[in-house]
Amino acid sequence: AYHSIEKYLKVGLMGGIPETFITGECLFEMDLSRVEAACNVEPFDGVRYTKEEAVSESQRCLKCNCNACSDCCEIFDHFNNWPSSMVHDAVASLHTKTSIKGQHATRTMNGCNLCGLCKKVCPQGIDMGKFFHDFRYFKAEDKMLPPAFHDFFIRDMNFSNDEAFFARTAPGCSTASYVFFPGCQLGASDPRYVEKTYDFLLEKIPDIGIIHGCCGAPADWGADRFLNEATVSMLREEWTRMGKPVIIFACPTCKHQFEKFIPEAEGVSLYRVLEETGLPENPGCNYEAACVFDPCSSRYHSSMQESVRRLAEKAGIELTELFYSREKAQCCGWGGHIQEANPSLFKKMVGDRINGSQLPYITYCTNCNDTFSDRGKECVHILDIVHHLDKKGLRPPTLSQRRRNRLAVKRAMLKKVWNLEMEEAGPPDETITIDIPEEVQQKMNRLMILDEEVFTTIRNSEASGYRIYDPGSDTYTGHLRIGIITYWVEYQKIEDRIQVRNVYSHRVEIVENLKRNL
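Residues numbered from 1 in each chain as written. Predicted model: local features only at pLDDT ≥ 70, side-chain atom pairs only at ≥ 80, totals over all residues. Heavy atoms only, no water.

**As for the environment of Gln185**
Okay, step 1: Among the secondary structure elements, Gln185 is positioned in the loop between strand S2 (178-181) and helix H10 (186-189).
Okay, step 2: Looking at Gln185, the relative accessible area reads 14%, which means it is buried.
Okay, step 3: The spatial distance from the C-alpha of Gln185 to the C-alpha of Ile205 is 24 Å, given a sequence separation of 20 residues.
Okay, step 4: If we skip the residues at most four places from it in the chain, Gln185 touches Asp156, Thr366, Asn367, Arg402 and Arg406. (Helix = DSSP H or I, 4+ residues; strand = E, 2+ residues; numbered from the N terminus. Buried < 20%, exposed > 50% of the residue type's maximum accessible area, 1.4 Å probe, protein only. Contact = heavy atoms within 4.5 Å.)

**Quick notes on the environment of Arg60**
Okay, step 1: As for its position among the elements, Arg60 is in the loop between helix H2 (51-58) and helix H3 (68-72).
Okay, step 2: Spatially, the C-alpha atoms of Arg60 and Ala37 are 8.9 Å apart, while their sequence positions differ by 23 residues.
Okay, step 3: Setting aside its immediate chain neighbours within four residues, Arg60 contacts Ala38, Cys39, Asn40 and Val41.

**Quick word on the side chain of Arg309**
Okay, step 1: Tracing the chain through its elements places Arg309 in helix H16 (residues 302-314).
Okay, step 2: A relative accessible area of 3% means that Arg309 is categorised as buried.
Okay, step 3: A polar atom in the side chain of Arg309 sits 3.2 Å from the backbone oxygen of Gln305.
Okay, step 4: Once residues within four sequence positions are removed from consideration, Arg309 is found in contact with Val292, Asp294, Leu319, Glu321, Ser325 and Arg326. (Polar contact = N/O pair within 3.5 Å; in protein donor to acceptor, adjacent residues only side chain to side chain.)

**Description of empty space enclosed by the protein**
Okay, step 1: Scanning all chains against the criterion turns up four cavities of 30 Å³ or more.
Okay, step 2: Looking at the largest cavity, its volume works out to about 90 Å³.
Okay, step 3: Looking at the largest cavity, it is lined by 14 residues, and the ones nearest its centre are Cys73, Cys112, Cys115, Leu117 and Cys118.
Okay, step 4: Elements with a contribution of two residues or more to the lining of the largest cavity: helix H4 (75-78), helix H7 (117-121) and helix H8 (128-141).
Okay, step 5: The leading source of residues in the lining of the largest cavity is H8, at three residues.
Okay, step 6: Across the lining of the largest cavity, the residue classes break down as eleven nonpolar, three polar and no charged. (1 Å grid on protein atoms, 1.4 Å probe; cavity = no way out; pocket = protein on both sides within 12 Å on 5 of 7 lines; lining within 4 Å. Points joined across faces, edges and corners; volume = space filled by probe spheres on them. Nonpolar A, V, L, I, M, F, W, Y, C, P; charged D, E, K, R; others polar.)

Keep in mind that these numbers describe shape and distance, not what the molecule does.
Here you go:
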């Protein structure tokens, strides 16, 4: 009755909500895997409980509730809300077209990793991730989805599919039986991952091609339907041009996206191929024991999970399973672009994943690897073991370095494999030397600010003279709007160099006063 009244007040209908109808069977199931068994307490006299016996028996009660999803994902506790209430809030906000009022559900929906774990653990298979995903598209169609939540990732995807993109068949071949698709993040993390792997595959499969670009996940997660369709069309065209080869995926997210949008393409995991062809010489790792941290998108690919474990075991590593692993793999925090929409939730998720075990992690997603390593967790990519890459003491690359690494992959491989020179962009402005201290660089990573955006802001401030000078600290502050983001940089001139002191960005547009000189 209550739900019928509420529904009438909201939308003018009174049909109730089906899940509240009286049912004759219990649909609830509780996971007892981590519950210690406790025998029932029988009355000593066989008739009546004493007070102590009654208390002991009552303490066996588990206080069951439907919290399987909140136990495995932080989003529900973070917003102090249950899935049904989130759905109601989201549906109500869909009717808000022009006002900021009522848009609180937008940040909630953009705080989801879209990993699908909630569906996996829910006894009824309720897929909140699918709901959150569809909600983003609904809001985008109404032009009410904040573009800043996804702007950096979409621009980064465009970079991967433009300046850093290349697709080629093997030397001397017009088609391919296999094509290696490393994804956009593998070479960004370490160019050797792509270069060494392709060299090894080329020895085993002489006609293997390569497509170096992004699968389109950022456009899908950011609810940019047209960009996603254009990306899928471009990738399908390259794959068709090569003769529709079997695609070898290094990234489980890429494999998942292809199965979703290009289902006709046959794919296999890189790690299964490495198993079947044999490993390069001297694989190894300094870990005697470790846990495999399965990327969340690998839950759909059990063979990939098994292959990675067998590769690690062949390297002599004793493996221990995390509680949330394999088909119940949790997201490292990177998925769904939640860093911009909800940085505190992202931080919480990363911390919880790191604390899943004291043992080092082995993963096969560079986002997982770099996210954990950046926060001091011992972690390696399975390709570090396969190629025996020693990265001890090395910090993960910054966002700007990741872009440079992608270009380095393209440049090196075109030259080495195909004897081609990459067309380089024009030389950078050498008139100003700009230094960015480590602590500022770390802040830039958190705020998703690239070196290029800092340099452009400073150069614009110096060229235009439109800046603020603080004689107390001897610093200048300039700002510049690039795309939909306004960037602020505080810097100091030291002889012939510029030292960056602080950075910041926001969505607010600063409207210039054209009469300021009057």
